[in-house]
Amino acid sequence: MQSVDTIVVGAGVAGLAAARLLARAGRRVVVLEARYRIGGRVFTDRTGGHVTDRGASWIHGITGSPVASAARAFGMPMVEFTVGGYQPDSRPLAYFDAAGHRLDAVAVQQYADDVRALNRALVGIIAGAPADATYADVVARALSMQDWDAERKERVREYNDRRAQEQYGIGMDGLGAHGLDDDTVDGDEVVFPRGYDELAQHLAEELDVRLAHVVSAVRWSASGVEIESDRGTFGAREAVITVPVGVLHGDDFVIEPSLPAAHRRALGLLRMNAFEKVVLRFAERFWDAGVYGIRQLGDEGEWWHSWYDLGRLHDEHALLTFAAGPAAVATRTWSDAEIVASTLAQLRRIYGDTVPDPTSAVVTRWQDDPFSRGSYAYMLPGSVGADHDVLAEPVGGVLHLAGEATWGDDPATVPGAMLSGHRAAQNVLGREIAVTDLWT
Ligand SMILES: Cc1cc2nc3c(=O)[nH]c(=O)nc-3n(C[C@H](O)[C@H](O)[C@H](O)COP(=O)(O)OP(=O)(O)OC[C@H]3O[C@@H](n4cnc5c(N)ncnc54)[C@H](O)[C@@H]3O)c2cc1C
(Lines give C-alpha, C1' and ligand atoms only; values in the text may rest on other atoms or scores of the structure.)
Protein backbone atom coordinates (compact mmCIF):
# COMPACT_ATOMS: atom_id res chain seq x y z
CA MET A 1 0.00 0.00 0.00
CA GLN A 2 1.35 3.41 -0.96
CA SER A 3 1.24 6.00 1.81
CA VAL A 4 1.29 9.77 1.62
CA ASP A 5 0.24 12.63 3.88
CA THR A 6 -3.02 13.47 2.10
CA ILE A 7 -5.05 11.78 -0.62
CA VAL A 8 -7.41 13.90 -2.69
CA VAL A 9 -10.12 12.01 -4.54
CA GLY A 10 -11.16 13.81 -7.73
CA ALA A 11 -9.15 16.11 -10.00
CA GLY A 12 -11.89 18.65 -10.62
CA VAL A 13 -11.41 22.27 -9.57
CA ALA A 14 -12.17 21.53 -5.88
CA GLY A 15 -9.71 18.65 -5.68
CA LEU A 16 -6.97 20.42 -7.62
CA ALA A 17 -7.35 23.57 -5.51
CA ALA A 18 -7.10 21.58 -2.26
CA ALA A 19 -4.15 19.53 -3.53
CA ARG A 20 -2.27 22.57 -4.80
CA LEU A 21 -2.58 24.41 -1.49
CA LEU A 22 -1.61 21.34 0.52
CA ALA A 23 1.39 20.60 -1.69
CA ARG A 24 2.49 24.20 -1.41
CA ALA A 25 2.25 23.86 2.38
CA GLY A 26 4.74 20.99 2.18
CA ARG A 27 2.40 17.98 2.29
CA ARG A 28 2.97 14.87 0.20
CA VAL A 29 -0.26 14.73 -1.78
CA VAL A 30 -1.62 12.25 -4.31
CA VAL A 31 -4.75 13.02 -6.36
CA LEU A 32 -6.74 9.98 -7.50
CA GLU A 33 -8.89 10.67 -10.56
CA ALA A 34 -11.24 8.16 -12.20
CA ARG A 35 -11.24 9.67 -15.68
CA TYR A 36 -8.42 9.79 -18.21
CA ARG A 37 -8.33 13.58 -17.88
CA ILE A 38 -8.37 16.23 -15.17
CA GLY A 39 -10.94 19.03 -14.80
CA GLY A 40 -14.08 17.04 -13.96
CA ARG A 41 -17.06 19.18 -14.90
CA VAL A 42 -14.69 21.75 -16.41
CA PHE A 43 -14.13 20.01 -19.74
CA THR A 44 -13.10 21.67 -22.98
CA ASP A 45 -13.65 19.78 -26.23
CA ARG A 46 -11.38 20.84 -29.14
CA THR A 47 -12.73 18.45 -31.77
CA GLY A 48 -12.49 19.75 -35.34
CA GLY A 49 -10.54 22.82 -34.27
CA HIS A 50 -13.56 24.25 -32.41
CA VAL A 51 -13.34 25.12 -28.73
CA THR A 52 -16.45 23.91 -26.89
CA ASP A 53 -16.80 23.93 -23.14
CA ARG A 54 -18.99 20.90 -22.52
CA GLY A 55 -19.20 21.64 -18.79
CA ALA A 56 -18.83 25.04 -17.14
CA SER A 57 -18.56 28.09 -19.43
CA TRP A 58 -19.19 31.17 -17.34
CA ILE A 59 -17.90 33.11 -14.41
CA HIS A 60 -21.25 34.48 -13.26
CA GLY A 61 -19.88 37.88 -12.24
CA ILE A 62 -16.18 38.70 -12.05
CA THR A 63 -16.32 41.19 -9.16
CA GLY A 64 -14.60 39.53 -6.21
CA SER A 65 -14.44 36.17 -8.02
CA PRO A 66 -11.45 34.01 -7.07
CA VAL A 67 -11.72 32.28 -10.43
CA ALA A 68 -11.41 35.62 -12.25
CA SER A 69 -8.32 36.45 -10.17
CA ALA A 70 -6.80 33.05 -10.91
CA ALA A 71 -7.62 33.32 -14.62
CA ARG A 72 -5.95 36.73 -14.85
CA ALA A 73 -2.86 35.48 -13.02
CA PHE A 74 -2.70 32.41 -15.29
CA GLY A 75 -3.01 34.58 -18.41
CA MET A 76 -6.34 33.11 -19.54
CA PRO A 77 -8.16 35.42 -21.96
CA MET A 78 -11.78 36.19 -20.99
CA VAL A 79 -14.65 37.58 -23.08
CA GLU A 80 -17.63 39.46 -21.66
CA PHE A 81 -20.86 37.47 -22.18
CA THR A 82 -23.36 38.66 -19.58
CA VAL A 83 -26.25 36.32 -20.34
CA GLY A 84 -25.32 33.30 -18.22
CA GLY A 85 -27.59 34.15 -15.31
CA TYR A 86 -30.86 34.08 -17.30
CA GLN A 87 -31.33 37.82 -16.84
CA PRO A 88 -34.38 39.26 -18.63
CA ASP A 89 -32.59 42.24 -20.19
CA SER A 90 -29.04 42.92 -18.95
CA ARG A 91 -27.80 42.65 -22.55
CA PRO A 92 -29.79 42.81 -25.82
CA LEU A 93 -31.83 39.67 -26.48
CA ALA A 94 -34.21 38.99 -29.37
CA TYR A 95 -37.51 37.97 -27.74
CA PHE A 96 -40.22 36.20 -29.75
CA ASP A 97 -43.80 35.86 -28.56
CA ALA A 98 -45.86 32.69 -28.76
CA ALA A 99 -46.89 33.54 -32.34
CA GLY A 100 -43.25 33.96 -33.41
CA HIS A 101 -43.27 37.78 -33.58
CA ARG A 102 -40.36 39.74 -32.21
CA LEU A 103 -41.11 41.87 -29.13
CA ASP A 104 -40.34 45.56 -29.44
CA ALA A 105 -38.19 47.43 -26.91
CA VAL A 106 -41.20 48.68 -24.94
CA ALA A 107 -42.62 45.18 -24.52
CA VAL A 108 -39.22 43.80 -23.44
CA GLN A 109 -38.88 46.59 -20.88
CA GLN A 110 -42.36 45.86 -19.50
CA TYR A 111 -41.55 42.16 -19.26
CA ALA A 112 -38.23 42.80 -17.47
CA ASP A 113 -39.91 45.25 -15.07
CA ASP A 114 -42.55 42.63 -14.24
CA VAL A 115 -39.85 40.01 -13.60
CA ARG A 116 -38.02 42.37 -11.25
CA ALA A 117 -41.21 43.36 -9.43
CA LEU A 118 -41.93 39.71 -8.75
CA ASN A 119 -38.34 39.07 -7.62
CA ARG A 120 -38.69 41.85 -5.05
CA ALA A 121 -41.98 40.40 -3.77
CA LEU A 122 -40.46 36.93 -3.57
CA VAL A 123 -37.85 37.90 -0.96
CA GLY A 124 -40.41 38.41 1.81
CA ILE A 125 -42.62 35.54 0.66
CA ILE A 126 -39.74 33.05 0.73
CA ALA A 127 -38.73 34.26 4.20
CA GLY A 128 -42.22 33.51 5.52
CA ALA A 129 -42.83 30.29 3.56
CA PRO A 130 -43.05 26.85 5.20
CA ALA A 131 -39.84 24.81 5.32
CA ASP A 132 -41.05 22.39 2.66
CA ALA A 133 -42.32 25.04 0.21
CA THR A 134 -41.25 24.62 -3.41
CA TYR A 135 -40.08 27.48 -5.60
CA ALA A 136 -43.30 27.02 -7.60
CA ASP A 137 -45.34 27.56 -4.40
CA VAL A 138 -43.69 30.89 -3.58
CA VAL A 139 -43.85 32.13 -7.18
CA ALA A 140 -47.58 31.30 -7.29
CA ARG A 141 -48.13 33.18 -4.06
CA ALA A 142 -46.16 36.22 -5.24
CA LEU A 143 -48.07 36.26 -8.53
CA SER A 144 -51.44 36.10 -6.73
CA MET A 145 -50.55 39.42 -5.10
CA GLN A 146 -49.90 41.23 -8.40
CA ASP A 147 -52.57 43.29 -10.06
CA TRP A 148 -51.76 41.91 -13.54
CA ASP A 149 -53.88 40.25 -16.20
CA ALA A 150 -53.52 36.48 -16.80
CA GLU A 151 -51.11 36.91 -19.74
CA ARG A 152 -48.64 39.05 -17.76
CA LYS A 153 -48.77 36.63 -14.84
CA GLU A 154 -48.20 33.66 -17.11
CA ARG A 155 -45.15 35.24 -18.75
CA VAL A 156 -43.54 35.92 -15.36
CA ARG A 157 -44.45 32.45 -14.04
CA GLU A 158 -42.92 30.98 -17.17
CA TYR A 159 -39.78 33.14 -16.75
CA ASN A 160 -39.25 31.80 -13.23
CA ASP A 161 -39.78 28.20 -14.28
CA ARG A 162 -37.37 28.51 -17.21
CA ARG A 163 -34.83 30.31 -15.09
CA ALA A 164 -35.03 27.49 -12.51
CA GLN A 165 -34.49 24.99 -15.33
CA GLU A 166 -31.51 26.84 -16.78
CA GLN A 167 -29.89 27.78 -13.48
CA TYR A 168 -30.65 24.67 -11.44
CA GLY A 169 -31.50 22.02 -14.04
CA ILE A 170 -34.87 21.30 -12.45
CA GLY A 171 -38.37 22.75 -12.90
CA MET A 172 -39.48 25.07 -10.13
CA ASP A 173 -42.00 22.55 -8.75
CA GLY A 174 -39.12 20.26 -7.71
CA LEU A 175 -36.86 22.93 -6.22
CA GLY A 176 -36.89 23.89 -2.54
CA ALA A 177 -37.78 27.57 -2.02
CA HIS A 178 -35.31 27.90 0.84
CA GLY A 179 -32.49 26.12 -0.96
CA LEU A 180 -31.89 28.86 -3.52
CA ASP A 181 -28.68 30.79 -3.46
CA ASP A 182 -29.12 34.46 -4.13
CA ASP A 183 -27.79 34.15 -7.69
CA THR A 184 -26.78 37.82 -7.86
CA VAL A 185 -24.42 38.55 -10.71
CA ASP A 186 -21.68 40.90 -9.42
CA GLY A 187 -20.02 42.57 -12.39
CA ASP A 188 -19.80 41.26 -15.92
CA GLU A 189 -20.10 37.61 -16.72
CA VAL A 190 -17.22 36.21 -18.76
CA VAL A 191 -16.35 33.08 -20.71
CA PHE A 192 -13.05 31.60 -21.90
CA PRO A 193 -12.46 31.59 -25.65
CA ARG A 194 -9.41 29.29 -25.27
CA GLY A 195 -11.35 26.97 -22.96
CA TYR A 196 -12.15 26.83 -19.24
CA ASP A 197 -9.93 23.75 -18.84
CA GLU A 198 -6.83 25.97 -18.83
CA LEU A 199 -7.80 26.72 -15.22
CA ALA A 200 -7.55 23.04 -14.29
CA GLN A 201 -4.30 22.65 -16.22
CA HIS A 202 -2.71 25.50 -14.30
CA LEU A 203 -3.99 24.33 -10.92
CA ALA A 204 -2.59 20.84 -11.62
CA GLU A 205 0.95 22.00 -12.44
CA GLU A 206 3.51 19.97 -10.49
CA LEU A 207 0.85 17.88 -8.71
CA ASP A 208 0.99 14.08 -8.51
CA VAL A 209 -2.30 13.25 -10.25
CA ARG A 210 -3.01 9.57 -10.93
CA LEU A 211 -5.49 9.35 -13.79
CA ALA A 212 -7.75 6.33 -14.43
CA HIS A 213 -7.90 5.43 -10.73
CA VAL A 214 -11.52 4.67 -9.90
CA VAL A 215 -12.03 4.85 -6.15
CA SER A 216 -14.61 2.45 -4.73
CA ALA A 217 -14.11 2.68 -0.95
CA VAL A 218 -12.95 5.20 1.63
CA ARG A 219 -12.22 3.64 5.04
CA TRP A 220 -11.45 5.94 7.89
CA SER A 221 -10.57 5.78 11.59
CA ALA A 222 -8.96 8.11 14.08
CA SER A 223 -5.54 7.00 12.85
CA GLY A 224 -6.04 7.73 9.16
CA VAL A 225 -7.66 6.71 5.89
CA GLU A 226 -7.40 3.88 3.39
CA ILE A 227 -8.61 4.51 -0.11
CA GLU A 228 -9.39 1.56 -2.34
CA SER A 229 -9.13 2.06 -6.09
CA ASP A 230 -9.16 -0.30 -9.05
CA ARG A 231 -5.39 0.23 -9.22
CA GLY A 232 -4.54 -0.50 -5.61
CA THR A 233 -5.04 0.80 -2.11
CA PHE A 234 -3.56 4.03 -0.83
CA GLY A 235 -3.08 5.13 2.77
CA ALA A 236 -2.82 8.60 4.27
CA ARG A 237 -3.24 10.61 7.43
CA GLU A 238 -6.31 12.28 5.92
CA ALA A 239 -8.33 12.49 2.71
CA VAL A 240 -10.21 15.17 0.82
CA ILE A 241 -13.15 13.68 -1.08
CA THR A 242 -14.46 15.83 -3.95
CA VAL A 243 -16.58 13.41 -5.99
CA PRO A 244 -19.98 14.79 -7.05
CA VAL A 245 -23.10 14.16 -4.96
CA GLY A 246 -24.31 11.72 -7.63
CA VAL A 247 -21.27 9.52 -6.95
CA LEU A 248 -21.65 9.84 -3.16
CA HIS A 249 -25.25 8.62 -3.53
CA GLY A 250 -24.22 5.56 -5.56
CA ASP A 251 -23.62 2.03 -4.26
CA ASP A 252 -20.22 1.73 -5.94
CA PHE A 253 -18.59 4.40 -3.76
CA VAL A 254 -18.69 3.50 -0.07
CA ILE A 255 -17.51 5.38 2.97
CA GLU A 256 -16.87 3.20 6.05
CA PRO A 257 -17.87 3.83 8.75
CA SER A 258 -20.70 5.76 7.12
CA LEU A 259 -20.82 9.54 7.38
CA PRO A 260 -22.28 11.10 10.56
CA ALA A 261 -26.05 11.62 10.68
CA ALA A 262 -25.83 15.37 9.97
CA HIS A 263 -23.83 14.72 6.79
CA ARG A 264 -26.22 11.97 5.68
CA ARG A 265 -29.20 14.26 6.23
CA ALA A 266 -27.62 17.07 4.17
CA LEU A 267 -26.63 14.65 1.42
CA GLY A 268 -30.19 13.29 1.35
CA LEU A 269 -31.47 16.79 0.57
CA LEU A 270 -29.27 17.16 -2.51
CA ARG A 271 -29.91 15.67 -5.95
CA MET A 272 -27.98 15.82 -9.20
CA ASN A 273 -29.88 17.73 -11.85
CA ALA A 274 -30.59 17.10 -15.52
CA PHE A 275 -28.87 19.76 -17.61
CA GLU A 276 -27.25 19.30 -21.02
CA LYS A 277 -25.74 21.58 -23.62
CA VAL A 278 -26.48 21.57 -27.35
CA VAL A 279 -24.08 23.58 -29.53
CA LEU A 280 -24.96 24.02 -33.19
CA ARG A 281 -22.46 25.39 -35.73
CA PHE A 282 -23.68 26.77 -39.05
CA ALA A 283 -22.04 27.80 -42.31
CA GLU A 284 -23.80 31.14 -42.13
CA ARG A 285 -25.66 33.31 -39.69
CA PHE A 286 -29.46 33.50 -40.04
CA TRP A 287 -30.45 35.01 -36.70
CA ASP A 288 -30.79 38.61 -35.49
CA ALA A 289 -27.63 40.69 -35.49
CA GLY A 290 -26.53 42.72 -32.48
CA VAL A 291 -28.04 40.48 -29.83
CA TYR A 292 -26.41 38.20 -27.26
CA GLY A 293 -29.16 35.64 -27.55
CA ILE A 294 -32.66 34.67 -28.63
CA ARG A 295 -35.60 33.78 -26.40
CA GLN A 296 -38.91 32.18 -27.32
CA LEU A 297 -41.81 32.92 -24.97
CA GLY A 298 -44.94 30.78 -24.61
CA ASP A 299 -45.66 27.09 -25.07
CA GLU A 300 -43.62 26.84 -28.28
CA GLY A 301 -40.53 27.45 -26.19
CA GLU A 302 -41.32 24.75 -23.65
CA TRP A 303 -37.99 22.98 -24.26
CA TRP A 304 -35.80 25.06 -26.58
CA HIS A 305 -36.52 28.57 -25.39
CA SER A 306 -33.09 30.22 -25.24
CA TRP A 307 -30.16 30.39 -27.66
CA TYR A 308 -26.88 32.14 -26.97
CA ASP A 309 -24.73 33.50 -29.79
CA LEU A 310 -21.25 31.97 -29.45
CA GLY A 311 -20.04 34.29 -32.21
CA ARG A 312 -19.15 36.60 -29.33
CA LEU A 313 -16.37 34.18 -28.33
CA HIS A 314 -15.11 32.90 -31.65
CA ASP A 315 -15.23 33.93 -35.24
CA GLU A 316 -17.94 31.42 -36.14
CA HIS A 317 -21.72 31.13 -36.54
CA ALA A 318 -22.71 29.07 -33.53
CA LEU A 319 -25.62 28.88 -31.10
CA LEU A 320 -25.74 27.30 -27.65
CA THR A 321 -29.01 26.06 -26.18
CA PHE A 322 -29.73 23.89 -23.15
CA ALA A 323 -31.82 20.82 -22.50
CA ALA A 324 -32.57 21.88 -18.95
CA GLY A 325 -34.67 20.01 -16.39
CA PRO A 326 -37.70 18.28 -18.00
CA ALA A 327 -36.25 18.61 -21.54
CA ALA A 328 -33.03 16.89 -20.48
CA VAL A 329 -34.96 14.08 -18.79
CA ALA A 330 -37.27 13.59 -21.78
CA THR A 331 -34.48 13.60 -24.40
CA ARG A 332 -31.99 11.53 -22.39
CA THR A 333 -32.59 8.44 -24.52
CA TRP A 334 -32.77 10.32 -27.83
CA SER A 335 -29.92 10.18 -30.33
CA ASP A 336 -27.89 13.32 -30.98
CA ALA A 337 -29.55 13.56 -34.41
CA GLU A 338 -33.03 13.51 -32.85
CA ILE A 339 -32.10 16.20 -30.35
CA VAL A 340 -30.56 18.40 -33.04
CA ALA A 341 -33.65 17.93 -35.27
CA SER A 342 -35.91 18.99 -32.39
CA THR A 343 -33.92 22.18 -31.76
CA LEU A 344 -33.85 22.96 -35.49
CA ALA A 345 -37.63 22.64 -35.76
CA GLN A 346 -37.89 25.41 -33.19
CA LEU A 347 -35.32 27.64 -34.93
CA ARG A 348 -37.17 27.15 -38.25
CA ARG A 349 -40.44 28.16 -36.61
CA ILE A 350 -38.86 31.49 -35.74
CA TYR A 351 -36.52 32.08 -38.70
CA GLY A 352 -38.19 30.08 -41.48
CA ASP A 353 -37.50 26.94 -43.47
CA THR A 354 -34.35 28.42 -44.97
CA VAL A 355 -32.50 27.75 -41.70
CA PRO A 356 -29.81 25.31 -42.85
CA ASP A 357 -28.76 22.11 -41.16
CA PRO A 358 -25.78 22.71 -38.87
CA THR A 359 -22.33 21.83 -40.12
CA SER A 360 -21.59 20.21 -36.74
CA ALA A 361 -23.23 19.74 -33.36
CA VAL A 362 -22.18 18.91 -29.81
CA VAL A 363 -24.67 17.29 -27.41
CA THR A 364 -23.54 16.58 -23.85
CA ARG A 365 -24.51 13.54 -21.76
CA TRP A 366 -23.70 14.46 -18.16
CA GLN A 367 -26.67 12.49 -16.83
CA ASP A 368 -25.09 9.27 -18.13
CA ASP A 369 -21.54 10.02 -17.03
CA PRO A 370 -20.72 7.61 -14.17
CA PHE A 371 -18.32 10.14 -12.62
CA SER A 372 -20.85 12.98 -12.35
CA ARG A 373 -24.39 11.49 -12.84
CA GLY A 374 -25.81 14.91 -13.65
CA SER A 375 -24.40 18.39 -14.04
CA TYR A 376 -24.57 19.83 -10.52
CA ALA A 377 -26.57 19.46 -7.31
CA TYR A 378 -29.82 21.21 -6.45
CA MET A 379 -31.69 21.31 -3.16
CA LEU A 380 -34.94 19.49 -2.46
CA PRO A 381 -37.82 21.14 -0.60
CA GLY A 382 -37.05 21.06 3.12
CA SER A 383 -33.46 22.22 2.74
CA VAL A 384 -31.73 25.52 3.32
CA GLY A 385 -28.56 26.89 1.73
CA ALA A 386 -26.49 26.24 4.85
CA ASP A 387 -27.13 22.49 4.50
CA HIS A 388 -24.44 22.49 1.81
CA ASP A 389 -21.78 23.53 4.32
CA VAL A 390 -22.75 20.79 6.78
CA LEU A 391 -21.20 18.36 4.31
CA ALA A 392 -17.83 20.07 4.72
CA GLU A 393 -17.64 19.55 8.50
CA PRO A 394 -14.49 17.45 9.09
CA VAL A 395 -15.28 13.81 9.94
CA GLY A 396 -13.22 12.18 12.68
CA GLY A 397 -10.47 14.72 12.08
CA VAL A 398 -9.38 12.76 8.98
CA LEU A 399 -12.07 13.02 6.32
CA HIS A 400 -12.96 16.23 4.49
CA LEU A 401 -15.67 16.54 1.85
CA ALA A 402 -15.30 19.31 -0.72
CA GLY A 403 -16.78 20.18 -4.11
CA GLU A 404 -19.41 22.51 -5.50
CA ALA A 405 -22.22 20.94 -3.46
CA THR A 406 -20.45 21.66 -0.17
CA TRP A 407 -20.23 25.42 -0.69
CA GLY A 408 -23.48 27.07 0.47
CA ASP A 409 -22.68 30.61 -0.59
CA ASP A 410 -22.28 29.87 -4.30
CA PRO A 411 -23.02 26.20 -4.97
CA ALA A 412 -23.16 24.62 -8.42
CA THR A 413 -20.30 26.78 -9.70
CA VAL A 414 -16.58 26.72 -10.38
CA PRO A 415 -15.88 29.46 -7.78
CA GLY A 416 -17.85 27.41 -5.23
CA ALA A 417 -15.76 24.34 -6.07
CA MET A 418 -12.51 26.31 -5.81
CA LEU A 419 -13.41 27.90 -2.48
CA SER A 420 -14.52 24.55 -1.08
CA GLY A 421 -11.09 23.15 -1.96
CA HIS A 422 -9.46 26.06 -0.18
CA ARG A 423 -11.57 25.44 2.92
CA ALA A 424 -10.73 21.73 2.91
CA ALA A 425 -7.01 22.52 2.71
CA GLN A 426 -7.33 24.88 5.67
CA ASN A 427 -9.18 22.22 7.65
CA VAL A 428 -6.48 19.65 6.89
CA LEU A 429 -3.70 22.04 7.91
CA GLY A 430 -5.62 23.37 10.91
CA ARG A 431 -4.75 26.94 10.04
CA GLU A 432 -5.79 29.72 7.69
CA ILE A 433 -4.08 30.08 4.34
CA ALA A 434 -4.66 32.77 1.73
CA VAL A 435 -6.79 31.71 -1.23
CA THR A 436 -4.45 33.85 -3.35
CA ASP A 437 -1.78 31.15 -2.74
CA LEU A 438 -3.59 29.29 -5.51
CA TRP A 439 -2.35 31.66 -8.17
CA THR A 440 0.52 33.72 -6.74
C1 LIG B 1 -23.10 21.41 -18.44
C2 LIG B 1 -22.55 22.18 -17.27
C3 LIG B 1 -22.56 23.56 -17.29
C4 LIG B 1 -22.05 24.28 -16.21
N5 LIG B 1 -21.98 25.63 -16.30
C6 LIG B 1 -21.32 26.31 -15.34
C7 LIG B 1 -21.00 27.68 -15.52
O8 LIG B 1 -21.27 28.26 -16.59
N9 LIG B 1 -20.36 28.34 -14.51
C10 LIG B 1 -20.01 27.70 -13.35
O11 LIG B 1 -19.42 28.36 -12.46
N12 LIG B 1 -20.27 26.39 -13.16
C13 LIG B 1 -20.90 25.69 -14.13
N14 LIG B 1 -21.10 24.35 -13.99
C15 LIG B 1 -20.78 23.73 -12.70
C16 LIG B 1 -19.27 23.50 -12.51
O17 LIG B 1 -18.74 22.88 -13.64
C18 LIG B 1 -19.06 22.64 -11.28
O19 LIG B 1 -19.72 23.24 -10.16
C20 LIG B 1 -17.60 22.46 -10.90
O21 LIG B 1 -16.78 22.25 -12.02
C22 LIG B 1 -17.51 21.28 -9.94
O23 LIG B 1 -16.17 21.06 -9.55
P24 LIG B 1 -15.89 19.95 -8.45
O25 LIG B 1 -14.43 19.88 -8.30
O26 LIG B 1 -16.75 20.17 -7.27
O27 LIG B 1 -16.45 18.58 -9.10
P28 LIG B 1 -15.96 17.81 -10.41
O29 LIG B 1 -15.45 18.77 -11.42
O30 LIG B 1 -17.06 16.91 -10.82
O31 LIG B 1 -14.71 16.97 -9.89
C32 LIG B 1 -14.87 15.74 -9.23
C33 LIG B 1 -13.89 14.74 -9.82
O34 LIG B 1 -14.06 13.49 -9.17
C35 LIG B 1 -13.86 12.48 -10.13
N36 LIG B 1 -14.48 11.24 -9.67
C37 LIG B 1 -15.80 10.92 -9.65
N38 LIG B 1 -15.97 9.68 -9.18
C39 LIG B 1 -14.76 9.22 -8.88
C40 LIG B 1 -14.28 7.98 -8.35
N41 LIG B 1 -15.11 6.98 -8.05
N42 LIG B 1 -12.95 7.83 -8.17
C43 LIG B 1 -12.06 8.82 -8.49
N44 LIG B 1 -12.47 10.00 -9.00
C45 LIG B 1 -13.80 10.20 -9.18
C46 LIG B 1 -14.50 13.04 -11.37
O47 LIG B 1 -14.05 12.37 -12.54
C48 LIG B 1 -14.10 14.50 -11.31
O49 LIG B 1 -12.91 14.74 -12.02
C50 LIG B 1 -21.56 23.60 -15.07
C51 LIG B 1 -21.55 22.21 -15.06
C52 LIG B 1 -22.01 21.50 -16.15
C53 LIG B 1 -21.91 20.01 -16.15
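Residues numbered from 1 in each chain as written. Predicted model: local features only at pLDDT ≥ 70, side-chain atom pairs only at ≥ 80, totals over all residues. Heavy atoms only, no water.

An unreviewed UniProt entry lists the protein under the name Monoamine oxidase, with Microbacterium enclense given as the organism. You can read under Cofactor (unreviewed entry) in the UniProt record for the protein the words "FAD". (UniProt positions renumbered as here; feature names shortened; annotations may be inferred.)

A.B. asks: Honestly, the pairing of strand β10 (residues 224-229) in this entry has me stumped. Any pointers?
C.D. replies: In regular strands, side chains alternate between the two faces of the sheet. Where strand β9 (residues 215-221) meets β10, six bridges bridge the pair, whose relative direction is antiparallel. Considered in β10, the bridge of R219 is made with E226. Where β9 folds back onto β10 in an antiparallel hairpin, the turn is made up of two residues. Pairing between β10 and strand β11 (residues 232-241): five bridges, direction antiparallel. Considered in β11, the bridge of E228 is made with T233. (Pairing = 2+ DSSP bridges. Helix = DSSP H or I, 4+ residues; strand = E, 2+ residues; numbered from the N terminus.)

A.B. asks: What is the right way to read the domain arrangement of the protein from this model?
C.D. replies: In many analyses, interface size is given as the accessible surface area lost on bringing the parts together. The domain architecture assigned to the protein consists of domain 1 (4-41 + 195-272 + 374-438) and domain 2 (108-168). The gap between the C-alpha centroids of domain 1 and domain 2 is 35 Å. At the junction of the two partners, domain 1 supplies four residues and domain 2 supplies seven residues. Interface of domain 1 and domain 2: buried area, both sides summed, is about 360 Å²; carbon and sulfur atoms make up 56% of it. (Domains from an automatic or database assignment. Contact = heavy atoms within 4.5 Å. Buried area = accessible area lost by both parts, 1.4 Å probe.)

A.B. asks: Which parts of the structure should I look at to understand the site of the ligand?
C.D. replies: Close contacts around the ligand come from 40 residues, with E33, R41, W58, E404 and V414 the closest. Within the contact set of the ligand, an oxygen atom lies 2.6 Å away from a side-chain nitrogen or oxygen of E33. Burial of the ligand by the surrounding chains reaches 98%, relative to a free accessible area of 1000 Å². Put simply, the parts of the chain that give the shell around the ligand at least two residues each are α1 (13-24) and α12 (414-429). No other element matches the three residues that α12 contributes to the shell around the ligand. (Near = heavy atom within 4 Å. Polar contact = N/O pair within 3.5 Å; in protein donor to acceptor, adjacent residues only side chain to side chain. Areas by Shrake-Rupley, 256 points an atom, 1.4 Å probe, with all protein chains shown as cover.)

A.B. asks: Would you explain the packing of aromatic side chains in this entry?
C.D. replies: The description of two aromatic rings rests on the distance between their centres and on the angle between their planes. Under the defined criterion, the tally for this structure stands at 17 aromatic pairs. An angle of 80 degrees between the planes, with centres 6.3 Å apart, marks the rings of Y111 and Y159 as edge-to-face. One end of the pair, Y111, is in helix α3 (residues 105-127); the other, Y159, is in helix α5 (residues 150-168), and 48 residues separate them in sequence. Residue Y111 shares its accessibility class with Y159, and that shared class is buried. Between the aromatic rings of F282 and W287, the centroid separation amounts to 6.0 Å while the plane-to-plane angle is 65 degrees, which identifies the pairing as edge-to-face. Under the relative-accessibility criterion, W287 is labelled buried at 5%. In textbook terms, an aromatic cluster arises when at least three aromatic residues are bridged by ring pairs, as seen for W58, F81, F275, Y292, Y308, F322 and Y376. Over the ring of Y292 we find R312; its NZ or CZ atom is 3.7 Å from the centre of that ring. (Phe/Tyr/Trp six-rings, centres within 6.5 Å; stacked < 30°, edge-to-face > 60°. Buried < 20%, exposed > 50% of the residue type's maximum accessible area, 1.4 Å probe, protein only. Lys NZ or Arg CZ within 6 Å of the ring centre and 35° of its normal.)

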